[in-house]
Amino acid sequence: MKWEDSFLESFEWGNNIINKDRKLKIADKIASMVSDGNVVGAGSGSTVYLALKQIAKRIKDESLNILIIPSSREISMACIQLNIPQTTLLAHKPDWTFDGADEVDQDYNLIKGRGGAMFREKLLIASSPSTYIIADPSKMVKKLGTHFPVPIEIFPEALTHVEQSLKQFPVKEFNLRIAQKKDGPVITENGNLILDVWFDEIHGYLESAIKAITGVIESGLFMHYNVQLITGDD
Ligand code: 5RP
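Residues numbered from 1 in each chain as written. Predicted model: local features only at pLDDT ≥ 70, side-chain atom pairs only at ≥ 80, totals over all residues. Heavy atoms only, no water.

Student: Quick rundown of the environment of Pro 185? Include the residues and the values.
Tutor: Along the chain, Pro 185 falls in the loop between β8 (171–176) and β9 (193–199). You can call Pro 185 partly exposed: its relative accessible area is 23%. The spacing of Pro 185 and His 224 is 39 residues in sequence and 31 Å in space, taken between C-alpha atoms. (Helix = DSSP H or I, 4+ residues; strand = E, 2+ residues; numbered from the N terminus. Buried < 20%, exposed > 50% of the residue type's maximum accessible area, 1.4 Å probe, protein only.)

As structure tokens, then:
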């Protein structure tokens, strides 16, 4: 039985999608890559949402059998709204994954996690034989850390320990991510906190060094992953 007047039916990402025209081109490209029978990992963010809308159209028009593994609650809600069947990483391995990014350098190293979903996004990418990073040209930077800090998801009780441990690195500034429409800090889907950290330098070893601190769940730094880039120029 279907719910009447579900909130999800009118759920929209928001009118304020930056670089929407370019993101729509990227969305078309991703939708064109889907084949019948695929299990596809979907990251988070507005570009992913637009791509899901185009995939939903193909599923409907061509009666495709596609399963999406969402990386966040909002992307799972989008799949429900768009009538896209979902599964989980426990049940299926993705054939491929697509995901957005906040910054991309020349070697395709990434900063992700503006939306706070970097733990499950990294898990999806690690589980996938291939990953496409969908990033409009505004995301390209010479040096990671130009416009975005590195988000680090932290087990709440470990906050002070992690903060002290991070002082071994050249850190310019760190801020506990504060919620906009709730008092206090942002709480991730995993019940954790996020520290947004501005590093002086981001080197290849930094991702694993951050991860080695007890209490760190994951960071939004993605160094040397085997990813392909789609910018909408393709
Ligand atoms: C969320 C992310 C997003 O992929 C990133 O913020 C890109 O978002 P958008 O497509 O809205 O520009 O890492 O955790």
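On we go from here.
Student: Could you give an account of the domain arrangement of the chain, naming the residues involved and the relevant values?
Tutor: Its domain assignment divides the chain into domain 1 (7–137 + 225–230) and domain 2 (150–216). Between domain 1 and domain 2, the C-alpha centre-to-centre distance is 25 Å. Carbon and sulfur atoms make up 49% of the area that domain 1 and domain 2 hide from each other, which totals about 830 Å². One salt bridge connects Glu 207 with Lys 122, and the closest N-O pair in it is separated by 2.7 Å. (Domains from an automatic or database assignment. Buried area = accessible area lost by both parts, 1.4 Å probe. Salt bridge = Lys/Arg side-chain N within 4 Å of Asp/Glu carboxyl O.)

Student: Just give me the short version of the sheet that holds strand β7 (residues 150–154), but keep the residues and values in it.
Tutor: For sheets, the rule is that strands pair by backbone hydrogen bonds, running either parallel or antiparallel. The four strands lie next to each other as β8-β9-β7-β10, forming an open sheet whose pairing is antiparallel. Each of the sheet's edge strands pairs with one partner strand only, and the pair in question is β8 and β10 (216–219). Within this sheet the neighbouring strands show an average axis-to-axis angle of 25°, counted without direction. The sheet contact formed by β8 and β9 spans five bridges and is antiparallel. Of the residues in β9, the one forming a bridge with Leu 176 is Leu 195. (Pairing = 2+ DSSP bridges. Axes fitted to C-alpha atoms, helices over the stretch in contact; angles between N-to-C directions.)

Student: How would you sum up the sheet that holds strand β4 (residues 103–104)? Please name residues and give values.
Tutor: Strand order in this open sheet of three strands is β4-β5-β11, and the pairing throughout is antiparallel. Of all strands in the sheet, those with a lone pairing partner are β4 and β11 (221–222), marking the two edges. The pairing of strand β5 (residues 110–111) with β11 spans two bridges and is classified as antiparallel. Paired with Leu 110 across the strands is Phe 222, a residue of β11.

Student: Can you lay out the pattern of salt bridges for me, pointing to particular residues and giving the numbers?
Tutor: Applying the stated criterion across every chain yields a total of 12 salt bridges. A salt bridge links Glu 189 to Arg 120, with the nearest nitrogen and oxygen atoms 3.1 Å apart. With a gap of 69 residues between them, Glu 189 in the loop between β8 and β9 and Arg 120 in helix α4 (residues 118–127) connect regions that are remote in the sequence. According to the relative accessible area criterion, Glu 189 is partly exposed, its value standing at 36%. By relative accessible area, which is 32% here, Arg 120 ends up partly exposed. For Asp 136, the salt bridge identified is with Lys 139, shortest N-O distance 3.9 Å.

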